[in-house]
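Coordinate inspection notes
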Amino acid sequence: MAERRVRRLAETGRARLSDATSTDMSAVNQRVRRRAATSGVVVRSRILAVAAAAAALVVVQPGPAGAAGDPSTTETFTVTSGALTLTVPASANLGSGAPGTVISAPIGPCTVTDDRALLSASWTVTAAETDFVNGTATIPATNATYTVGSVTTTGTITVTPTNVTLSNTAQTVLTGTAGVGDNTASWDPTISVNVPAGAVGGTYTGTLTQSVA
């Protein structure tokens, strides 16, 4: 009888131990599942937080210079302009020659300076000659010619020379067209005088007047 009681007690203990072990394992499994679920929530939350931060960085990135809302500065400056002028020699000696010959010589550099800084510039040079006088003797201005010769320019300007027979009335000897901005033109005209065969000897003086407009 005693042995049977011992066996029953042993079997009862093993059953209770098995039940306890099963209960403990179930509790452990439940805790593991809870942790896994919680961990998933945490991971998803972290992913969403990172995505939100990245979106915020994209929004606040500074734009290029001149973007809307950036301060700006209006800048101004002035290009000054000048005048249209002509410079010519104060005097010229054409030389000497016998009656019936041609006395001829360049008078020296003449220069148009256009500092008006125009978008479309043009100008005209004219020349007029007085009669050549030696006391009471006179050689008419129309006995003289004006030859422009070569012209040197700077800037943008198209120059057209015109050789003329001089007179007391101004005539066009040089034109500048299609100019842009400041420009210059320089030349050294030659004056030639046909001395009449009956001319009286002596020094003759005349005045060549040139102008630009």
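Per chain, residue numbering runs from 1 following the sequence as it is written. The predicted origin of the model limits local features to residues at a pLDDT of at least 70 and limits the giving and counting of side-chain atom pairs to 80 or more, whereas totals for whole chains, interfaces and linings rest on all residues. Hydrogens and water molecules were not included; the side-chain quantities draw on all heavy atoms of the structure.

**Quick look at the side chain of Asn183**
Strands are runs of DSSP state E lasting at least 2 residues, helices are runs of H or I lasting at least 4, and numbering of each runs from the N terminus. On the secondary structure map, Asn183 appears in strand S10 (residues 171–187). You can call Asn183 buried: its relative accessible area is 1%. A distance of 3.2 Å separates a polar side-chain atom of Asn183 from the backbone oxygen of Gly181. Two residues qualify as a contact provided that any one of their heavy atoms is within 4.5 Å of a heavy atom in the partner residue. Among residues more than four places away in sequence, those in contact with Asn183 are Val112, Thr113, Asp114, Ala121, Trp123, Thr154, Gly155, Thr156 and Ile157. Accessibility here uses a 1.4 Å probe with only protein chains present; expressed as a share of the type maximum, an area under 20% marks a residue as buried, one over 50% as exposed, and anything in between as partly exposed. Pairs of N or O atoms within 3.5 Å make up the polar contacts considered here, provided that, within protein, one atom can donate a hydrogen while the other can accept it, and that residues adjacent in sequence are counted only when both atoms are side-chain atoms.

**What about the nonpolar core?**
Here the nonpolar core consists of buried residues drawn from Ala, Val, Leu, Ile, Met, Phe, Trp, Tyr and Cys, with membership extended through side-chain atoms lying within 4.5 Å. Counting residues in hydrophobic clusters, the biggest one holds 27 residues, and the most contacted among them are Trp123, Val125, Tyr146, Val173, Trp187 and Ile191. Breaking this core down by element, the ones donating at least two residues are strand S2 (102–106), strand S3 (110–114), strand S4 (121–129), strand S7 (144–147), S10 and strand S11 (190–194). Per-element accounting of this core gives the leading share, four residues, to S10.

**Section: the pattern of salt bridges**
When a carboxyl oxygen of Asp or Glu is within 4 Å of a side-chain nitrogen of Lys or Arg, the pair counts as a salt bridge. Counting across every chain of the model gives one salt bridge. In this structure, Arg116 engages Asp114 in a salt bridge whose closest nitrogen and oxygen atoms are separated by 2.8 Å. The partly exposed category is assigned to Arg116, whose relative accessible area is 22%.

**Overview of the environment of Ser167**
Examined against the element boundaries, Ser167 turns out to sit in the loop between strand S9 (164–165) and S10. Those residues in contact with Ser167 that sit more than four places away from it in its chain are Ala128, Glu129, Ala141 and Thr142. At a separation of 3.1 Å, a polar atom in the side chain of Ser167 contacts the main-chain carbonyl oxygen of Thr169.

**Here we look at the sheet that holds S7**
When DSSP locates at least two bridges between a pair of strands, those strands are taken to pair. Strand order in the open sheet made by the four strands is S2-S11-S7-S9, with antiparallel pairing throughout. Edge positions in the sheet fall to S2 and S9, since each has one partner strand and no second.

**Concerning the confidence of the model for the protein chain**
This prediction gives the protein chain a mean pLDDT of 83; 69% of its residues lie at or above 70. Per-residue confidence from the predictor is reported as pLDDT, which spans 0 to 100. Below pLDDT 50 for its whole length, residues 35–45 participates in zero contacts with residues either more than four positions away or in separate chains. A low-confidence stretch, residues 47–60 stays under pLDDT 50, and its non-local contacts, those more than four residues away or across chains, total zero contacts.

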